[in-house]
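Residues per chain are reported as follows:
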Amino acid sequence: MAARILMCRPDHFGIEYEINPWMSRRRAADRRRAMQQWQRLVELLGSLGASIELIEPVAGLPDMVFTANAGLVYKDRVLLSRFRYDVRQPEAEQFARWFREHGFQVVELPEGHYFEGAGDALFCGETLIGGYLFRSDVRSHHWVAEQLGCPLVVAELINPYFYHLDTCFCPLRPGCAVWYPEAFDRYGRLAIEQAVPELIEVNQEEAYRFACNSVVVGEHVITPTGCPRLHRTLRLYGFEPHEVELTEFQKAGGSAKCLTLRLDGEDAAAWRTA
Ligand code: ARG
């Protein structure tokens, strides 16, 4: 069965506020280039057999392109995000409507719980890994895992450049993930080492090029450009690496993975109905 991926055209993408250290209003994104880079990602995903579904972009919501933050999809349910910053909060109702219209049951977290979806919560095998501090709260991950009845491992993020889990951790298949351990506190690192037996470490240079923000489709892994070391390692593990230049989106603090939301379950998720 083809991978189903939700994306959003960057028609209204831009750097209009600063909510992570990558963003600076003085370093604007070039919308034409952004469109070309995004298009290239879409084409590559299509050539790998993925089917892309689109949500209509909305003026005034420049970060809506980062569909990974719409929510956490689990079978026909989606745990809708509650964004930390008010500038992104209006995205939630847009995504909620899209999910309802496409047959998903939308579950909202209790008020006062911050949760940024697949940006901070990723399955690796049976286990849900939850990153917290900058965006999602630790109690949100507990609430979500309780709803889904799945084992949970939480890990605290300590470096503001790696403010979402998907900027420093990328499950490849059950029991195997790419990560940048320095982005986690000591306990988080230990917890992930216990939960994920095969861990591929990226170095600092490639971590800051968003090496961990990669999209997995079967044995294919799409990384941002500039991660040759990770590409070599991925080949040794039996994966086929690809790269796409996503520099315009990196000015907003996101890359390949954040621009996608897997609707049928990530390849690394044990519950995946393939
Ligand atoms: N500018 C966006 C933000 O700061 C980028 C989101 C990137 N998404 C992700 N899943 N890492 O919220």
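In this text the structure is predicted, and so the values were computed from the model without any measurement. (Residues numbered from 1 in each chain as written. Predicted model: local features only at pLDDT ≥ 70, side-chain atom pairs only at ≥ 80, totals over all residues. Heavy atoms only, no water.)

J.: Please explain the site of the ligand as it appears in this structure.
T.: Every one of the 16 residues lining the ligand counts as a neighbour, but Asn 20, Arg 88, Arg 135, His 164 and Asp 166 are closest to it. Between the ligand and Asp 63 there is a distance of 2.8 Å, counted from a nitrogen atom to a side-chain nitrogen or oxygen. The side chain of Arg 88 places a nitrogen or oxygen atom 2.7 Å from an oxygen atom of the ligand. Of the residues contributing to the shell around the ligand, the split by class is six nonpolar, six polar and four charged. (Near = heavy atom within 4 Å. Polar contact = N/O pair within 3.5 Å; in protein donor to acceptor, adjacent residues only side chain to side chain. Nonpolar A, V, L, I, M, F, W, Y, C, P; charged D, E, K, R; others polar.)

J.: How should I be thinking about the pattern of salt bridges in this particular structure?
T.: Oppositely charged side chains are able to pair whenever their charged atoms sit close together. In this structure the tally under the stated criterion is 19 salt bridges. As a salt-bridge pair, Arg 135 and Glu 116 come within 3.0 Å of each other at their nearest N and O atoms. Here the residue Arg 135 occupies a position in the loop between strand 7 (127-132) and helix 3 (138-148), and Glu 116 occupies one in the loop between strand 5 (105-108) and strand 6 (121-124), the gap between them amounting to 19 residues. For Lys 251, the salt bridge identified is with Glu 248, shortest N-O distance 2.8 Å. In this structure, Lys 251 and Glu 248 share a single accessibility class: buried. Beyond isolated ion pairs, a larger network of salt bridges with shared partners links Arg 33, Glu 245, Glu 248 and Lys 251. (Salt bridge = Lys/Arg side-chain N within 4 Å of Asp/Glu carboxyl O. Helix = DSSP H or I, 4+ residues; strand = E, 2+ residues; numbered from the N terminus. Buried < 20%, exposed > 50% of the residue type's maximum accessible area, 1.4 Å probe, protein only.)

J.: Quick question: what am I supposed to make of the sheet that holds strand 10 (residues 176-179) here?
T.: Two modes of strand pairing occur in sheets, parallel and antiparallel, and in both the strands are linked by backbone hydrogen bonds. An order of 9-10-11 is seen for the three strands of this open sheet, with the pairing classed as mixed. Two strands in the sheet have a free side with no partner beyond their single neighbour: strand 9 (169-173) and strand 11 (198-201). Ignoring strand direction, the axes of neighbouring strands in this sheet form an average angle of 25°. Here strand 10 runs beside strand 11; their pairing, made up of four bridges, is parallel. By the bridge assignment, Trp 179 is partnered in strand 11 with Glu 201. (Pairing = 2+ DSSP bridges. Axes fitted to C-alpha atoms, helices over the stretch in contact; angles between N-to-C directions.)

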